[in-house]
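# Understanding the architecture of this molecule
Spelled out from the first residue to the last, the chains are:
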Amino acid sequence: MKRRLTSALILMMLAASLSACSSNNNPAAGNNGNTGNTGNTANDTEASGPVTYPIQTDEKLSYWGEINGNLISVAATHDEIPFFQDWQKQTGVPLKFTAPPTGQVKEALNVMLASGDLPDMIEYNFLGDFPGGPEKAINDGYILKLNDLIDKHAPNLKKYLQDHPDIDKMVKTDSGSYYAFPFIRGDEFLRVFQGPIIRKDWLDELGLPVPETIDDWTKTLTAFKEKKGAAAPFSVVSKPRFFNESGNGAFLGAFGVTRGFYQEDGVIKFGPAESGFKEYLKLFRQWYADGLLDKNIATSDSKALDGNMASGATGASVGNAGGGIGKWQPLVEGNDPKAVLVAAPYPVLNKGETPKFGQKSQAYASEGTVAITTSAKDPVLAVEMLDYGYSEEGHLFFNFGTEGVSYNMEDGYPKYTDLLLKNPDNLAPAQAISKYARGSYNGPFVQDQRYAEQFFALQTQRDAVGIWKNTDADKYNLPPITPTPEESSEYATIMNDINTLVDEMTLKIILGQEPLEQYESYVDKMKSLKLDRAIEIQKAALDRYNAR
Amino acid sequence: MAKTQTGAGQRALAPARTTNRFLRDFRINKYLYLMMIPVIAYYFIFHYAPMYGALIAFKEYSPMKGILGSDWVGLKHFHDFFNSYYFWRILKNTLVISFYSLIFEFPAPIILALLINEIRSKSFKRVAQTITYMPYFISLVVICGIITDFTNADGVINGLFTFFGYDGQAMLQKPELFRPIYILSEIWQRIGWESIIYIAALMSIDVEQYEAARMDGASRIKQMFYITLPGILPTISIMLILRMGNLLNVGFEKIILLYNPITYETADVISSFVYRKGLLEFGWSYSSAVGLFNSVINLFLLITANYVSRKVNKNSLW
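Residues numbered from 1 in each chain as written. Chains lettered and ligands numbered in written order. Predicted model: local features only at pLDDT ≥ 70, side-chain atom pairs only at ≥ 80, totals over all residues. Heavy atoms only, no water.

An unreviewed UniProt entry lists chain A under the name ABC transporter substrate-binding protein, with Paenibacillus borealis as the source organism.

## What about the overall build of chain B?
Within chain B, the secondary structure is distributed over 17 helices and 2 strands. Its C-alpha atoms give chain B a radius of gyration of 25 Å, more than 25% over the compact-globule value 20 Å for 318 residues. Counting only C-alpha atoms and orienting by the principal axes, one finds that chain B spans roughly 65 × 65 × 35 Å. Considering only intrachain contacts with a sequence separation of at least 6, the fraction spanning at least 24 residues in chain B is 64%. Surface summary for chain B: the accessible area is close to 18400 Å², and the carbon and sulfur share equals 68%. Averaging the locations of the 29 positively and 20 negatively charged side chains of chain B gives two centres separated by 13 Å. (Helix = DSSP H or I, 4+ residues; strand = E, 2+ residues; numbered from the N terminus. Rg over C-alpha atoms; globule rule 2.2 N^0.38 Å. Contact = heavy atoms within 4.5 Å. Areas by Shrake-Rupley, 256 points an atom, 1.4 Å probe, with all protein chains shown as cover. Lys, Arg positive; Asp, Glu negative; His and termini not counted. Charge placed at Lys NZ, Arg CZ, Asp CG, Glu CD.)

## Focus: the packing of helix H4 (residues 105-115) of chain A against helix H16 (residues 270-280) of chain B
It is at 9 Å that the axes of H4 of chain A and H16 of chain B come closest, and there the two elements cross at 65°. Here H16 of chain B runs roughly perpendicular to H4 of chain A, going by the angle between their axes. Residue-level inspection shows Lys106, Glu107, Asn110 and Val111 of chain A of H4 of chain A in contact with H16 of chain B, the latter providing Tyr275, Gly278, Leu279 and Leu280 of chain B. Each residue belonging to the contact of H4 of chain A with H16 of chain B can be placed in one class, and the counts come to 4 nonpolar, 2 polar and 2 charged. (Axes fitted to C-alpha atoms, helices over the stretch in contact; angles between N-to-C directions. Parallel < 35°, antiparallel > 145°, perpendicular 65-115°, else oblique. Nonpolar A, V, L, I, M, F, W, Y, C, P; charged D, E, K, R; others polar.)

## Brief notes about the sheet that holds strand E4 (residues 181-185) of chain A
Strands pair in a sheet through their backbones, by hydrogen bonds, and they do so in one of two ways: parallel or antiparallel. Residue and element names in this part refer to chain A. Overall, mixed pairing links the 6 strands, which are arranged E2-E1-E3-E10-E4-E13 in an open sheet. What marks the edges here is a single partner per strand, and that holds for strand E2 (95-98) and strand E13 (446-447). Sheet topology note: the strand E1 (residues 61-64)/strand E3 (residues 121-123) ladder contains 2 bridges and is parallel. Bridge pairing in E3 places Trp64 opposite Ile122. (Pairing = 2+ DSSP bridges.)

## A few points about the pattern of salt bridges
Scanning all chains against the criterion turns up 44 salt bridges over all chains. Note that Arg199 of chain A and Asp336 of chain A form a salt bridge whose closest N and O atoms lie 3.3 Å from each other. One end of the pair, Arg199 of chain A, is in strand E5 (residues 194-199); the other, Asp336 of chain A, is in the loop between helix H13 (321-335) and strand E9 (341-343), with 137 residues separating them in the sequence. Take Arg199 of chain A: its relative accessible area is 2%, and that puts it in the buried class. Close ionic contact of Asp336 of chain A with Lys338 of chain A constitutes a salt bridge, the shortest N to O distance being 3.9 Å. By relative accessible area, which is 22% here, Asp336 of chain A ends up partly exposed. Salt bridges sharing common partners tie together Glu105, Glu186, Arg190, Glu194, Arg243 and Lys254 of chain B. (Salt bridge = Lys/Arg side-chain N within 4 Å of Asp/Glu carboxyl O. Buried < 20%, exposed > 50% of the residue type's maximum accessible area, 1.4 Å probe, protein only.)

## Considerations on the layout of surface pockets
The volume enclosed by the second largest pocket comes to roughly 1200 Å³. Around the second largest pocket, the lining comprises 41 residues; the ones closest to its centre are Ser489, Glu490 and Thr493 of chain A together with Glu60 and Lys76 of chain B. Put simply, the parts of the chain that give the lining of the second largest pocket at least two residues each are helix H5 (133-139) and helix H21 (485-510) of chain A together with helix H5 (76-82), H16 and helix H17 (284-313) of chain B. Top contributing element to the lining of the second largest pocket by residue count: H21 of chain A, with 9 residues. A breakdown of the residues in the lining of the second largest pocket according to their chemical character gives 15 nonpolar, 13 polar and 13 charged. Inspection of the lining of the second largest pocket shows a minimum of three residues originating in each of domain 1 (61-187 + 362-447) and domain 2 (194-359 + 473-547) of chain A. (1 Å grid on protein atoms, 1.4 Å probe; cavity = no way out; pocket = protein on both sides within 12 Å on 5 of 7 lines; lining within 4 Å. Points joined across faces, edges and corners; volume = space filled by probe spheres on them. Domains from an automatic or database assignment.)

## Here's the deal with the interface of chain A and chain B
Of the residues lining the interface, 47 residues belong to chain A; the matching set on chain B comes to 40 residues. Across the contact surface, chain A and chain B share 2 salt bridges. Looking at the side of chain A that touches chain B, the elements that each hand over two or more residues are helix H1 (2-22), helix H2 (26-44), H4 and H21 of chain A. A per-class count over the side of chain A that touches chain B returns 22 nonpolar, 14 polar and 11 charged.

## A look at helix H7 (residues 107-118) of chain B
Between the first and last C-alpha of H7 of chain B there are 17 Å, a value that for 12 residues agrees with the 16 Å anticipated at 1.5 Å per step. Considering only its buried residues, H7 of chain B is in contact with helix H6 (87-105), helix H8 (122-133), helix H11 (175-203) and helix H13 (220-245) of chain B. (Expected span 1.5 Å × (residues − 1).)

## Section: the packing of aromatic side chains
Counting across every chain of the model gives 70 aromatic pairs over all chains. Considering the side-chain rings of Phe83 of chain A and Phe397 of chain A, the 4.9 Å spacing of their centres and the 15° angle between planes classify their relative orientation as stacked. Taken together, the residues Phe83 of chain A in helix H3 (residues 82-91) and Phe397 of chain A in helix H15 (residues 392-400) connect sequence positions 314 residues apart. Here the two residues Phe83 of chain A and Phe397 of chain A agree in accessibility, since each one is buried. Three or more aromatic residues link up through ring pairs in this structure, and these residues are Tyr53, Tyr63, Phe83, Phe84, Trp87, Phe97, Phe183, Tyr388, Phe397, Phe398 and Phe445 of chain A. One residue, Lys356 of chain A, lies across the ring of Tyr476 of chain A, its end atom 5.0 Å from the ring centre. One residue, Arg276 of chain B, lies across the ring of Tyr264 of chain B, its end atom 4.8 Å from the ring centre. (Phe/Tyr/Trp six-rings, centres within 6.5 Å; stacked < 30°, edge-to-face > 60°. Lys NZ or Arg CZ within 6 Å of the ring centre and 35° of its normal.)

The following block contains the structure:
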């Protein structure tokens, strides 16, 4: 009797261990099956008539997406954010949210993809942050090609794209695949939001004008250091890369280069390999040696910069109108009531010139776009749900939230209520707006200029856009091009090595650990890491883009 | 150590009777055998079964195709890694940081244990122990935050230097300072915790030996060198062997939290490289090839260390 019991136990344990390890295989196999199925359903379904919201459905869809940075201290999950609750009410589709940990979106997505256990919808930057790009994501079987689905079930998005062929060109791949519900900056005004920021009260006190040329900047920063006692006259965020905002061409633009690829007279160039970059290194090296730059500049993160701004150690930086001026103005005022932050134009070498680069986003921003996965139970429902953002009522909802709660219509102008602008719980407008609407950040909708007119509460913020937009960035920046899946893995390997090299070189030369003369040898190293091949790939992708 | 245990109390048996003996042993100790099953199952499920996942190092892995369904690429990923521009730098950094920690960090808890052993006051002993092992329980993220703050241009440590007339620079911006900062903070973090095992070993040393030594007029230093140290030597060598097996597993979390492009030159190690390649660039196959390479070297080091230890002081894991 006893013996039988023991052997039964042993058998059970063996069986348990076996099944545990065979279940390891299941997700992948299961998904293979799914891929086929969903492909079929997508083709089988007939075009439906216009959807009336809210949709009547019992199905619950799963949605994976990051919680906006503004809301980190406000809400831990999507369910605590009124916007996401109202979104479900408006569309009638119940959603189950999963949020990756803030700052680890890429890692979290990676783990999720490797597990093979996908939600119905994924909010992610497939163009910029998915190695291999959207075409690869479709080919590898993670997300659906949406052409048919959009054609039949997303009349609002379809109409928008038909009315805006230039944007239509941007949101698809070379082979014409739609891969996500895009985030579109609906107006020119929304595309510029970042640039140099400086303490106006210090300038006035010292009798200096707002700096325009590089020489002005040197003079101004020196004055900040000597007369205002600023310990770190110029400081910037260097996470994840040194002088992160220089990617848009701040200060680099004066020397005619940017940190990435750009086009000039039909030729694609890589900024750090052009001679202008050496001039930039020379300038910053001098500034660092003279104590005009933050001593911790290689490691400073946004927290450190906030602290320096607030304490008056820093008098100039590069940042956003909302997240920069808007965030710092109350901080600097807290320490010095007279303090005023204003936008400074992108610097140039000689007065009167137009800088070659500055921040200017494309109308299609690939962040915050929503793709439908191959494991989606009901892709049609997901498409109908997402299409809401491009409808007229969805447009108002995404930008301004719920009428009567977060905005009121006044003579056809959606005006944010005091709940958002003068929040009773003392939330900053940026936080309160993010709680009730998505106007201030990205998502599957078309952004409305009227949001910015109210979001930029300060006159200095509204002026900033006008000051920063004076660049030639449009002419030189590359459109959202997509290398083919084969090219892109090669491209990623090359650029990963080159970017590491550029980051290292930039810091070493600026911080004075290597002589400026080393620059040439770094350029040679870039060449030996196959920079030319990377340029070739970019060029081919650009040609395909232009031929779209 | 292990050898003497298994050899003790058993008669040598002829091979023919081995099966018979096993069955009898099984009958007598069946519940002991039963208790072993969960342990075996644990190792099988969590340590052996996932090993087939190492296959992806030889494939172009795509999760949607599954491990078995992905295409074979042979040694391509190993080839890519060995030919990569940063291969030698990463390997060198890994080895250097590992050996530094072996030389500087490994002896630290032993020294601490010896020191604590010499303390006479019981309460002071307890306080000293508690204080030294406290940092072990602080989250790594917090530790790294503390390190970054302390080593800033205007941090505490530079404040001291400035006081003595040196001009401080952010220390984490200097490649040559990365390793000392890493190792020193590592010692601070783990010294107390790791000394516990040596303190436990010290407890088992026969007190009579000390009494006898004192009779013979041995000083405290002499007692330490001739009784205490030999007493814990077996523990030290086993710890050393175990450590050799992990030599190349430099903790990537701490490196990643502390490094930045300017210190890549001295800080970038195999595991942080694997992290960047695998998790940030979705290069599963490539990073598992690198990880496999790492494990093979570790295995080799472990076997060598064990062999040397067996030859030198007759003390080994197997």
